[in-house]
Amino acid sequence: MSTEKLPTRRLGKTDIYPTELSMGGAHLGGAQSGWGVVGDDEQGAVTLESAYSLGLRHIDTSPFYGRSETRVGIAFKRNEFPGLTISTKVGTHPERSYSYTDEDLRWSL
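These lines cover the structure that appears in this document, whether it is placed above or below. (Residues numbered from 1 in each chain as written. Predicted model: local features only at pLDDT ≥ 70, side-chain atom pairs only at ≥ 80, totals over all residues. Heavy atoms only, no water.)

### Considering the overall build of the protein
If you tally the helices and strands in the protein, you get three helices and three strands. Taken from the N to the C terminus, the helices and strands of the protein come in the order β-α-β-α-β-α. The proportion of buried residues among the 109 residues of the protein is 28%. For the protein, restricting intrachain contacts to residue pairs at least 6 apart in sequence, the fraction spanning at least 24 positions comes to 63%. For the protein, the computed accessible surface area is about 7,300 Å², with 55% contributed by carbon and sulfur atoms. (Helix = DSSP H or I, 4+ residues; strand = E, 2+ residues; numbered from the N terminus. Buried < 20%, exposed > 50% of the residue type's maximum accessible area, 1.4 Å probe, protein only. Contact = heavy atoms within 4.5 Å. Areas by Shrake-Rupley, 256 points an atom, 1.4 Å probe, with all protein chains shown as cover.)

As structure tokens, this is what we get:
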């Protein structure tokens, strides 16, 4: 476990201070690239748990990233992550792609 704290930055005018470094959820969800891919749900949850233990306090995800949100949920079912912030996207769910109506935004969230 890291003993050094990653720098944080205030998010707009809020009282939210995510780490300046975040973890992208595309690989967490199974996206293939030259940087590797997280293979299954358990490995995805462990990846988030490990990143958090090293001081990371922000993750970016999306329904478009395969099982990324599911794997974040698995990690949340078995751990608390004080100070972790999550950003996600709307309009990227395969069932309601590019739909930005009030109803679809609420459904996506």
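### Topic: the nonpolar core
General note: in soluble globular proteins, nonpolar side chains tend to be found buried as a group. M23, L28, L48 and I59 are the most contacted members of the largest nonpolar core, which totals 13 residues. With four residues, the single largest contributor to this core is helix α1 (residues 41–53). Apart from residues no more than four positions distant in its own chain, I59 is found in contact with M23, L28, L48, V72, L84, T85, I86 and S87. (Core = buried A, V, L, I, M, F, W, Y, C linked by side-chain atoms within 4.5 Å.)

### Here's the deal with the side chain of S99
Turning to its location among the elements, S99 is positioned in the loop between β3 (85–87) and α3 (102–108). The buried category is assigned to S99, whose relative accessible area is 19%. If we skip the residues at most four places from it in the chain, S99 touches G91 and D104.

### Quick notes on the pattern of salt bridges
The full count for this structure, using the stated rule, is seven salt bridges. Of the charged contacts, one joins R67 and D41 as a salt bridge, the two residues approaching to 2.6 Å between their closest N and O atoms. Note that R67 is positioned in the loop between β2 (58–60) and α2 (68–78) and D41 in helix α1, a separation of 26 residues in sequence. Since its relative accessible area comes to 39%, R67 is described here as partly exposed. (Salt bridge = Lys/Arg side-chain N within 4 Å of Asp/Glu carboxyl O.)

### Some remarks on the packing of aromatic side chains
Per the stated rule, a full pass over the model turns up two aromatic pairs. Pairing Y52 with F81 gives two aromatic rings, centres 5.0 Å apart and planes at 80 degrees, and the pair type is edge-to-face. In this pair, Y52 sits in helix α1 while F81 sits in the loop between α2 and β3, placing the two residues 29 residues apart along the sequence. For the pair formed by Y52 and F81, the shared burial category is buried. Relative to F81, the ring of F76 lies with its centre 5.0 Å away and its plane at 50 degrees, an arrangement referred to as tilted. The class of F76 is partly exposed, set by a relative accessible area of 35%. Following the ring pairs from residue to residue traces out a cluster consisting of Y52, F76 and F81. Here the basic side chain of R57 rests over the ring of Y52, its NZ or CZ set 3.6 Å away from the ring centre. Sitting above the plane of the W107 ring, R96 keeps its charged end 4.1 Å from the centroid. (Phe/Tyr/Trp six-rings, centres within 6.5 Å; stacked < 30°, edge-to-face > 60°. Lys NZ or Arg CZ within 6 Å of the ring centre and 35° of its normal.)

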